[in-house]
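# Geometric and topological summary
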Amino acid sequence: LCRYRVPWNMDLKLKPVFLAGVMHLSGNQSPGLLPPRHKYMVKDMQRLSPFADVKLAPSQRTWEYVIKTGSMAAQRFLTAVKLECPEHLETLSRSLWIRLWTHGLEIHETDTFKRACREAGLSQELADKLIAMCKDKKVKELLKSETQEVVDFEAFGLPVFSTDLPGFDKPQWFFGADRLELFAHSIGKPWLGPNPQKASKL
């Protein structure tokens, strides 16, 4: 979706959300806990990687981090980023995502957050402040609130994206990256595939 910010002239606003909270509050269960579905997901990601032009190489450690460790620490960190320096939210979100889904590394340790901040060009002082903010009630409450907002959409997983549409009195939401084409149709924008920059050069 970030790749379409310019082609669609879109004011894209990212919101950190706690996935396990969405699953629990909606009564859903991680697809990775069902062995046949987990096996298919691994194969599906192998197919999806070249199609979407995104390097997906989850290892066994990746799934352990996703299912056992969870993303609470990472989402609190990103929530702190959103509050303190929102201009860095996309870069730091992507950095943690790549670390987990491309390299199979953890995304919950303090040193990992410091490294991500350093690579993004943030000062040590700001990095320390963001990490300290993860314990603040304000950060915890905002993450809880924005997770609840997703549940209030009656969503049951992530990613979820919403927009205002003509004829509706409240934002309409879409679930799953595979619904971006439908999302484009709904907002009257052209769908140029998963990487519009490459499509424009053909």
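Up top is the structure.
Residues numbered from 1 in each chain as written. Predicted model: local features only at pLDDT ≥ 70, side-chain atom pairs only at ≥ 80, totals over all residues. Heavy atoms only, no water.

## Quick look at the overall build of the protein
The cut-off we apply is this: Numbering of helices and strands starts at the N terminus; helices are DSSP runs of H or I of at least 4 residues and strands are runs of E of at least 2. In this setup the radius of gyration rests on C-alpha atoms only. A globule is expected at 2.2 Å times the number of residues raised to 0.38.
Regarding its fold elements, the protein presents 10 helices and two strands. For the protein, the succession of helices and strands along the chain, N to C, is α-α-α-α-α-α-α-α-β-β-α-α. Relative to the globule expectation of 17 Å for 202 residues, the C-alpha radius of gyration of the protein, 17 Å, shows essentially globular dimensions. For the protein, the spread of C-alpha atoms along the principal axes amounts to about 45 × 40 × 40 Å.

## Considerations on the packing of helix α4 (residues 72-84) against helix α7 (residues 124-133)
Quick reminder of the rule: For helices, the axis comes from a line fit to the C-alpha atoms of the stretch in contact; other axes are also lines fit to C-alpha atoms, and the angle between any two N-to-C directions lies between 0 and 180 degrees. What sets the label is the angle itself: under 35 degrees gives roughly parallel, over 145 gives roughly antiparallel, 65 to 115 gives roughly perpendicular, and the rest give oblique. In this scheme, a crossing is called left-handed if the near helix is turned counterclockwise away from the far one by less than a right angle; it is called right-handed if the turn is clockwise. The contact definition used throughout considers only heavy atoms, calling two residues in contact when any of these lie within 4.5 Å. Ten residue types, Ala, Val, Leu, Ile, Met, Phe, Trp, Tyr, Cys and Pro, are classed as nonpolar, four, Asp, Glu, Lys and Arg, as charged, and the remainder, Gly among them, as polar.
The geometry of α4 relative to α7 is characterised by a closest axis approach of 8 Å and an angle of 120° between their N-to-C directions. With respect to each other, α4 and α7 are oriented oblique. Relative to α7, α4 is oriented so that their crossing is right-handed. Residues F77, A80, V81, L83 and E84 of α4 pack against L126, K129, L130, I131 and M133 of α7. Classifying every residue of the contact of α4 with α7 by side-chain character gives eight nonpolar, no polar and two charged.

## A short note on the packing of aromatic side chains
For the record, the criterion: Here a pair means two rings of Phe, Tyr or Trp (six-membered ring of Trp) with centres within 6.5 Å. Their orientation is stacked below 30 degrees between planes, edge-to-face above 60, and tilted elsewhere. Each residue gets one of three labels from its accessible area relative to the maximum for its type: buried under 20%, exposed over 50%, partly exposed in between, using a 1.4 Å probe on protein chains only.
Scanning the model with the defined rule gives 10 aromatic pairs in all. A ring pair is formed by Y4 and W8, whose centres lie 4.3 Å apart and whose planes are at 40°; its orientation type is tilted. Using a relative accessible area of 3% as the deciding quantity, one classes W8 as buried. Between W63 and W101, the aromatic rings sit 5.4 Å apart at their centres with planes inclined by 80°, giving edge-to-face as the arrangement. Within this pair, whereas W63 is found in helix α3 (residues 60-69), its partner W101 is found in helix α5 (residues 89-101), the two being separated by 38 residues in sequence. W63 gets classed as buried once you look at its relative accessible area, which sits at 6%. Three or more aromatic residues joined by ring pairs form one cluster here, namely Y4, W8, F161, F174, F183 and W191.

## What to know about unusual backbone geometry
Here the amide bond leading from L158 into P159 is cis, since omega sits at 5°, within 30 degrees of zero. Secondary-structure assignment places P159 in the loop between α8 (137-152) and β1 (160-163). At D53, a position not held by glycine, the phi torsion is positive, near 60°. Among the secondary structure elements, D53 is positioned in the loop between α2 (35-52) and α3. Overall, the relative accessible area of 35% leaves D53 in the partly exposed class. Unlike most non-glycine residues, E154 shows phi in positive territory, near 70°. Looking at the secondary structure, you find E154 in the loop between α8 and β1. Residue E154 is classed as exposed on the basis of its relative accessible area of 67%.

## Digging into the nonpolar core
As a reminder of what qualifies: In this description, a nonpolar core means a group of buried Ala, Val, Leu, Ile, Met, Phe, Trp, Tyr and Cys residues linked to one another through side-chain atoms lying within 4.5 Å.
Residues F77, V81, L92, L96 and L130 are the most contacted members of the largest nonpolar core, which totals 25 residues. Of all elements in the fold, only α4, α5, α6 (110-119) and α7 reach the threshold of two or more residues within this core. Beyond its immediate stretch of four places on either side in the chain, F77 contacts L92, L96, F113, C117, L130, I131 and C134. Within the second largest apolar cluster, 10 residues are counted, among which are Y4, W8, L165 and A184.

## Concerning the pairing of β1
Selection rule: Strand pairing is assigned whenever DSSP identifies at least 2 bridges connecting the two strands.
In β1, alternate side chains face the same way, and those of F161 and T163 are buried while those of V160 and S162 on the opposite face are not. Here β1 runs beside strand β2 (residues 172-175); their pairing, made up of four bridges, is antiparallel. The residue bridging S162 from the neighbouring strand is W173, located in β2.

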